[in-house]
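Listed here are the chains, written in short residue letters.
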Amino acid sequence: MRVEVRTESGEKLGQVFDLRGELTRQSLKVTGLVVGQAGLLERLGIGAPQSQDRIRTHDVVPWSAVVRVSRRGVVVRDGTKPQ
């Protein structure tokens, strides 16, 4: 299933290829969406980091920027860029 990420004004930022999260004592908290070509390559294991300390942070849209998630895709605030 292809999930597109767009801004509120319709600018396409890419597709979601993975999630970033933070494990707490009681739950897993989503911190971002991995988008773009580098996210796809990392998902496929090409150029993936060797250890958890080297997880890439570029091409990640912060979860705090997400306005809504639906069957049509993910909408984030205008001005949001993958970091």
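The sections below set out a description of the structure shown in this document.

It is worth spelling out the pairing of strand β6 (residues 73-76) at this point. Bridge analysis of strand β1 (residues 4-7) against β6 gives three bridges, and the strand direction is parallel. The residue bridging Arg6 from the neighbouring strand is Val75, located in β6. Bridge count for strand β5 (residues 66-70) against β6 is four bridges, and the pairing is antiparallel. Residue pairing in the sheet places Val69 in a bridge with Val74 of β6. In this antiparallel pair of consecutive strands, β5 and β6, the connection spans two residues.

Another aspect to go through is the environment of Arg68. Along the chain, the position of Arg68 falls in strand β5. Here Arg68 falls in the partly exposed class, since its relative accessible area comes to 49%. Along the chain, Arg68 and Glu8 lie 60 residues apart, while their C-alpha atoms are 9.6 Å from each other. Among all residues touching Arg68, those that are not within four sequence positions of it are Gly73, Val74 and Val75.

One open sheet accounts for six strands, arranged β4-β3-β2-β1-β6-β5; its pairing is mixed. One side of each edge strand has no neighbouring strand; the edge strands of this open sheet are β4 (60-62) and β5. Strand-to-strand twist of the sheet, defined as the mean angle between neighbouring strand axes without regard to direction, takes the value 40 degrees. Note that β1 and strand β2 (residues 12-23) share three bridges and pair antiparallel. Within β2, the position partnered with Val5 by the bridge is Gly14.

Further remarks concern the environment of Val60. Inspection of the secondary structure puts Val60 in strand β4. Of the residues examined, Val60 reaches a relative accessible area of 9% and is grouped as buried. With 25 residues separating them in the primary sequence, Val60 and Val35 have C-alpha atoms 6.1 Å apart. Val60 has contacts with Arg20, Gly32, Leu33, Val34, Lys81, Pro82 and Gln83, leaving out every residue within four places of it along the chain.

Calculation rules
- Residues numbered from 1 in each chain as written.
- Predicted model: local features only at pLDDT ≥ 70, side-chain atom pairs only at ≥ 80, totals over all residues.
- Heavy atoms only, no water.
- Pairing = 2+ DSSP bridges.
- Helix = DSSP H or I, 4+ residues; strand = E, 2+ residues; numbered from the N terminus.
- Buried < 20%, exposed > 50% of the residue type's maximum accessible area, 1.4 Å probe, protein only.
- Contact = heavy atoms within 4.5 Å.
- Axes fitted to C-alpha atoms, helices over the stretch in contact; angles between N-to-C directions.

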